[in-house]
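Architecture at a glance
Chain residues, written in single-letter form:
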Amino acid sequence: MEENHKPATSSSFKKGDDKEESSEVEKPEKETKSEQPQSQDIDDKEKEERAGIKHTLQKSYDDIETFLSKLENDAEAPDIPDFVHKYVDLVEKKLSKHEPLFHDDGSFLKVVDQISRLYKHLSDSDKAPLINRIGQIQQQAMCYLEDEFRSLLEEPDLKQEVVADQHGEDQSTLDQSKEESNFSGYSYQVIPKLNKIAKEMIFGGYESECCEAYMVTRRNIIDETLNKLGYEKISIDEAQKMQWEVLEKNIPPWIKAFKQCTKVYFSNECRLVETVFSGYPSLSTNLFSNIVRGVFLQLLNFVEAVATIKRSTEKLFKFLDIYDTLRDNLSSLDGVLPKWAEELRNEMTTTRCRIGEMAIFIFCDLENAIKSDTEKTPVPGGAVHPLTRYTMNYLKYACDEYKETIEKVFKDHSKIERANSTNKPRSYEGDSEKNKYDDENQSPFVGQVLRILDLLDSALEAKSKLYKDIALSCIFMMNNGRYMLQKIKSSAEIHQAMKDTWCRKTSSDLRNYHQTYKRETWMKLLGCLNVEGLNVNGKVVKPVLKERFKSFNAMFDDIHRTQSMWVVNDKQLQSELRVSISAIVIPAYRSFLARFSGYLDPGRQTEKYIKFQPEDIETFIDDLFDGNSGSMSRKKP
């Protein structure tokens, strides 16, 4: 075979012997008027020649088999008969014309097998020219086989290769069963051909070419399949340069790809390689190892890339999704990878530990987020602080959606030192010593949640001092405390973790703030209704009475105007405050009014000093904490 000879493409062996004759016919050197009849004569002659070659090849097969048997059984090699040379000539001529020898009856493989056996058994003889010719023929034939091998491998049904997991576990199992019926997209008609070609190439000494073709083609197909799931390779450098929003979108496709590989693709790949290379367990094991190892490490490299990006609290939940994926699919991987894959298991465990550590660091960074909020401007109206909303919603979502995972992460990595986390859980007061948290029985995750709540509570106390009005600072603490309490109670997971102790302590704090608020506002107002000094020698002193009414009106007007702009969004807390205020003010005012209003002269004097009726007081109290700035005069009936 000449060195510049180009092997036939894989498609060439699938055509019939009589379909390419026109391309093989050489034109006459001179054209004549009878060109068409001459061409026809050449075609007929060529057909007869090819038919003769085919017939001779088929006829020579048994002769070659007999000769090969002698070579394999006799100690001394017999003389080479003429039909061997003729046989080699016929095969060489057939191959040199790029003509197919591969038919459904397997005749091509039989010829290649004979050529390989001839080359092996004659390699030690002194027939160098013949050996060289046979070697060249074998090489060309192996090129045909390699092309056909690649061609068959490159045409799986990728629609069946991709198993969508969006329909849940049952659908995935159904699709997996369908997948197992056709060897990763290859039909049962293709698999035997792949197996026969692989065996022939290995027998002929072309094992490395066969394995290389298989490994490269299958790896490309797996890459293509993963790409159809939306997965893209991302290096560490690329990840560090990406905006988080862009990188975040690549995590769900990675999760899908990882699940598919561990639950479907790897097991199917194992079955495929063991079938194609049946009879060569060591070879199939090495091929499977190389293919799976490359894909698996590529998937883990994505996780390593994600783990190198800058930490921030909003990234926690994607990290936990990755951790869950690595943890939950380890058992699936164990069912596929044999003992030699211990390295991959270790790689997976190492990567999972790193993601777990990052998740802990990110969760603990919530402490830093609280510490770094140094805003000195108080929230208008004493409303819930944005820091409280963010922290509590973050904790609630973490516990509702990821509590089991976070508990597992903290349990597995409890000995990791938490960066910038030096606070210890506060001491909780309860009805007895049993109601206090026992640090020995407390999970690392719950301990971290308590540290965060303790730190948030301290931060809120500091921010409450930004209000000059003590009553407003109490409203601020009640708003934030109630918000925290409601978020805890609305989450069964986090509420269970707190064991009611934190809730009881916070409820007690809220009652104390409530009492302080009433004392700072409404008890001072009731001081205007004090009866001391009103009676002198059994008579009501009108100037003092008028001053008491005047002071009450001014103070209530100021309270209403101010506290109508304060905010209590929690309707239950708002109602509780209004009811408690009414219970304090209205009975006292009604009693004072009933007792002393008669001492004022009817008419203008009464209208001047008795500005409110008890019903008016109740109406104005219902205006409090709405965040409105309307004046009392406009709202008064």
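Above this text is the structure in question.
Along each chain, the written sequence defines residue order, and numbers are assigned to residues from 1. The predicted origin of the model limits local features to residues at a pLDDT of at least 70 and limits the giving and counting of side-chain atom pairs to 80 or more, whereas totals for whole chains, interfaces and linings rest on all residues. The side-chain values count all of the structure's non-hydrogen atoms but skip hydrogen atoms and water molecules.

This brings us to the packing of aromatic side chains. In this analysis, rings of Phe, Tyr and Trp, with Trp reduced to its six-membered ring, are considered paired at centre separations within 6.5 Å, and the interplanar angle assigns stacked below 30 degrees, edge-to-face beyond 60, and tilted for intermediate values. If you walk through the whole model with that rule in mind, you get 28 aromatic pairs. Ring centres 6.5 Å apart and planes at 35° place the aromatic pair Phe 363 and Tyr 394 in the tilted group. Of this pair, Phe 363 sits in helix H16 (residues 342–371) while Tyr 394 sits in helix H17 (residues 386–412), and the two are 31 residues apart along the sequence. In this structure Phe 363 comes out as buried when scored by relative accessible area, which is 1%. On the basis of an interplanar angle of 45° and a centroid distance of 5.6 Å, the ring pair of Phe 363 and Phe 445 is categorised as tilted. Here Phe 445 lies in helix H18 (residues 444–464) and Phe 363 lies in helix H16, a separation of 82 residues in the sequence. Both residues of the pair, Phe 363 and Phe 445, count as buried. Helix and strand definitions here come from DSSP, where helices need a minimum of 4 consecutive H or I residues and strands a minimum of 2 consecutive E residues; each element is numbered from the N-terminal end. With a 1.4 Å probe rolled over the protein chains alone, any residue whose accessible area is under 20% of its type maximum counts as buried; one over 50% counts as exposed, and the rest are partly exposed.

What follows concerns the environment of Pro 156. With respect to the secondary-structure elements, Pro 156 resides in the loop between helix H5 (128–153) and helix H6 (158–161). Residue class for Pro 156 comes out buried when judged on its relative accessible area of 13%. Distance from Pro 156 to Gly 185, taken between C-alpha atoms, is 4.7 Å for residues 29 residues apart in sequence. If sequence neighbours within four positions are ignored, Pro 156 has contacts with Ser 184, Gly 185, Tyr 186 and Ile 221. Only heavy atoms enter the contact rule, under which two residues are in contact if any of them lie within 4.5 Å.

This part is about the nonpolar core. Nonpolar side chains tend to gather and get buried jointly when the protein is soluble and globular. In this structure, Phe 149, Phe 277 and Tyr 517 are the most contacted members of the largest nonpolar core, which totals 175 residues. Examining the composition of this core, we find that 15 residues originate from one element, helix H13 (residues 281–307), more than from any other. Each nonpolar core is a collection of buried residues, namely Ala, Val, Leu, Ile, Met, Phe, Trp, Tyr and Cys, held together in the definition by side-chain atoms within 4.5 Å.

Salt bridge criterion: a side-chain nitrogen from Lys or Arg within 4 Å of a carboxyl oxygen from Asp or Glu. The full count for this structure, using the stated rule, is 19 salt bridges. The salt bridge partner of Asp 570 is Arg 482, with a shortest N-O separation of 3.4 Å. One end of the pair, Asp 570, is in the loop between helix H22 (542–563) and helix H23 (571–596); the other, Arg 482, is in helix H19 (residues 470–490), and 88 residues separate them in sequence. Here the residues in one salt-bridge network are Arg 219, Asp 223 and Lys 233, joined through shared partners.

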